[in-house]
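Take a look at the letters that make up each chain.
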Amino acid sequence: MDINDFRGIQTILVMIAFFGIVWWAYSSHRKKKNDEAAHLPFDDDEIAERTLKQDKTEKKQ
């Protein structure tokens, strides 16, 4: 075995790892967590709105 055999084996192992991660990330049991993660930027807007409202009420007092 020479270095090129090891490179070929390494390439195959990396491809298997890549496809395993893709399969895991897009599997149906991850759908709920992926949907929650997709809505995170919108949750920040709601927090920012509440903070602005609190700031306005504190300034009025």
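Described in the following lines is the structure provided in the data block. Since the structure is predicted, the reported quantities are computational estimates derived from the model, not experimental observations.

Moving on to the overall build of the protein. Regarding its fold elements, the protein presents 3 helices and 0 strands. Along the protein, helices and strands appear, N-terminal first, in the series α-α-α. At 24 Å, the protein has a C-alpha radius of gyration far larger than the 10 Å of a compact globule built from 61 residues. Along the longest, intermediate and shortest principal axes, the C-alpha atoms of the protein span 80 × 25 × 10 Å.

Take S27: its relative accessible area is 13%, and that puts it in the buried class. Separated by 3.0 Å, the side chain of S27 and the backbone oxygen of W24 make a polar contact. In terms of polar contacts, S27 uses its side chain to reach the side chain of H29, at 3.0 Å.

Turning next to the side chain of R30. Position of R30 relative to the elements: it lies in the loop between α1 (3-25) and α2 (31-38). E36 provides the closest opposite charge to the buried, unpaired R30, separated from it by 8.9 Å. Leave out the neighbours within four places in its chain, and R30 touches W24 and A25.

Bringing the environment of F42 into the picture now. Counting through the fold element by element, F42 comes out in helix α3 (residues 40-60). Overall, the relative accessible area of 51% leaves F42 in the exposed class.

A cluster of nonpolar side chains, M1, I3, F6, I9, I12, L13 and I16, forms an exposed patch at the surface whose accessible area comes to about 780 Å². Relative to the elements of secondary structure, I9 occurs in helix α1.

The rules behind these values
- Residues numbered from 1 in each chain as written.
- Predicted model: local features only at pLDDT ≥ 70, side-chain atom pairs only at ≥ 80, totals over all residues.
- Heavy atoms only, no water.
- Helix = DSSP H or I, 4+ residues; strand = E, 2+ residues; numbered from the N terminus.
- Rg over C-alpha atoms; globule rule 2.2 N^0.38 Å.
- Buried < 20%, exposed > 50% of the residue type's maximum accessible area, 1.4 Å probe, protein only.
- Polar contact = N/O pair within 3.5 Å; in protein donor to acceptor, adjacent residues only side chain to side chain.
- Lys, Arg positive; Asp, Glu negative; His and termini not counted.
- Salt bridge = Lys/Arg side-chain N within 4 Å of Asp/Glu carboxyl O.
- Contact = heavy atoms within 4.5 Å.
- Patch = residues over 30% accessible without salt bridge, like charges linked within 9 Å, V, L, I, M, F, W, Y side chains within 5 Å.
- Areas by Shrake-Rupley, 256 points an atom, 1.4 Å probe, with all protein chains shown as cover.

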